[in-house]
Amino acid sequence: MKILVTAKRLMDPETKVKLKKDNSGVDTEGAKFVVNPFDENAIEEALRLKEKHSGEVVVVSIGKPEVVEQIRTGLAMGGDRGIHVNTDADVDSDVAARILVKVIEQEQPDVVIMGKQAVDDDSGQVGQLLAQYLGWGQACFASEVSIDGNKATVTREVDGGLETLEVQLPGIITADLRLNEPRYASLPGIMKAKKKEVKELTPDALGVDTAAKVKVLSVSTPPARSAGKKVESVQELVQLLKTEAKVL
């Protein structure tokens, strides 16, 4: 079984975000970068499936040369080889999906597992776009995955309960945080990852136009929350909810 997984590079979610002076984006100077947390779940699930069924795990990332660091993280966890699509372009969800289509056409994986969303823009669109472009089945927001032959059974959490889907392979699965607990890379794994193959491609070589359909015009911090207020009675609370909060 060949499993293709993604490893998007983004700022550590624990980092305090600073904006550029012109509000055109986030200031990344001196910031720590990590693998998107949902992609870590995808990598972990791919490794578990490999351990159960045998095969190969291919870690893919799109972006500047620095994203190789995140590919190496996936390889240190246990991935077999990596693919770096090298581009300086601002990659929106559609561009990412169209690039991944070309990578998948070359690699011919049995299943693609990726995070359900990236925690920098929270779009949550790439998996669905990818399935549409490929004409494959999809099962998003997976909290449990099992594969038997050419079928994947995926359980996901929905309002009020659980939903179980069956997907014909090859197919697309997107991972939720509750799918698993990602492993830490061991020291031997980190050392081995340095020697594992990371193939470099470019959008031009893949025949993909990187012109984005979505452009960020500006970003801003949310307004500061006002201090709370203590009330003496339920009647006073109701009155304030009516007159100040205006929620009643």
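See the structure above.
Residues numbered from 1 in each chain as written. Predicted model: local features only at pLDDT ≥ 70, side-chain atom pairs only at ≥ 80, totals over all residues. Heavy atoms only, no water.

A. Here's a closer look at the sheet that holds strand 5 (residues 81–86). Spatially, the 9 strands line up as an open sheet ordered 9-8-7-10-6-1-4-5-11, and their pairing is mixed. Here the strands that pair on one side only, and so sit at the sheet edges, are strand 9 (161–168) and strand 11 (198–201). In this sheet, neighbouring strand axes are inclined to one another by 35° on average, regardless of whether the strands run parallel or antiparallel. Where strand 4 (residues 56–63) meets strand 5, 6 bridges bridge the pair, whose relative direction is parallel. Looking at strand 5, one finds that Val60 is bridged to Ile83. Contacts from helix 2 (residues 68–77) reach strand 4, strand 5 and strand 11, with the element oriented near 165° to strand 5. Its contacts with the sheet place helix 3 (residues 93–107) against strand 1 (2–6), strand 4, strand 5, strand 6 (111–115) and strand 11, and it is angled at close to 145° to strand 4. (Pairing = 2+ DSSP bridges. Helix = DSSP H or I, 4+ residues; strand = E, 2+ residues; numbered from the N terminus. Axes fitted to C-alpha atoms, helices over the stretch in contact; angles between N-to-C directions. Contact = heavy atoms within 4.5 Å.)

B. Quick peek at the layout of surface pockets. Put simply, the second largest pocket is a space of about 350 Å³. Around the second largest pocket, the lining is made up of 15 residues, and of these Val35, Glu40, Pro182, Arg183 and Tyr184 lie nearest the centre. Contributions of two or more residues to the lining of the second largest pocket are made by strand 3 (33–35), helix 1 (37–53) and helix 2. Sort the elements by how many residues they give to the lining of the second largest pocket and helix 1 lands first, with 3 residues. Looking at the lining of the second largest pocket, its residues break down into 8 nonpolar, 3 polar and 4 charged. (1 Å grid on protein atoms, 1.4 Å probe; cavity = no way out; pocket = protein on both sides within 12 Å on 5 of 7 lines; lining within 4 Å. Points joined across faces, edges and corners; volume = space filled by probe spheres on them. Nonpolar A, V, L, I, M, F, W, Y, C, P; charged D, E, K, R; others polar.)

C. Focus on the nonpolar core. The biggest cluster of nonpolar side chains holds 29 residues, and the ones touching the most others in it are Val5, Ile113, Val145 and Ile173. At the level of elements, strand 1, helix 1, strand 4, helix 2, strand 6, strand 7 (137–148), strand 8 (151–158) and strand 10 (171–175) are the ones that each hand at least two residues to this core. Ranked by residue count, the leading element in this core is helix 1, at 5 residues. When residues no more than four places from it in sequence are discounted, the contact partners of Val5 are Ala42, Ile43, Ala46, Val57, Val58, Val59, Val60 and Ile113. (Core = buried A, V, L, I, M, F, W, Y, C linked by side-chain atoms within 4.5 Å. Buried < 20%, exposed > 50% of the residue type's maximum accessible area, 1.4 Å probe, protein only.)

D. Region of interest: the environment of Gly74. Relative to the helices and strands, Gly74 is located in helix 2. Look at Gly74 and you get buried, because its relative accessible area is 0%. For the pair formed by Gly74 and Val59, sequence separation is 15 residues and the distance between their alpha carbons is 6.4 Å. For Gly74, the residues in contact, after removing those within four places along its chain, are Ile43, Val59 and Gly79.

E. Representation of the pattern of salt bridges within the structure. A full pass over the atoms with the stated rule returns 20 salt bridges. Lys8 is paired through a salt bridge with Asp121; the nearest N and O atoms lie 3.8 Å apart. Of this pair, Lys8 sits in the loop between strand 1 and strand 2 (9–11) while Asp121 is found in the loop between strand 6 and helix 4 (126–134), placing the two residues 113 residues apart along the sequence. Assessed through its relative accessible area of 43%, Asp121 is described here as partly exposed. Through salt bridges that share partners, Lys2, Glu56, Arg81 and Glu107 make up one connected network. (Salt bridge = Lys/Arg side-chain N within 4 Å of Asp/Glu carboxyl O.)

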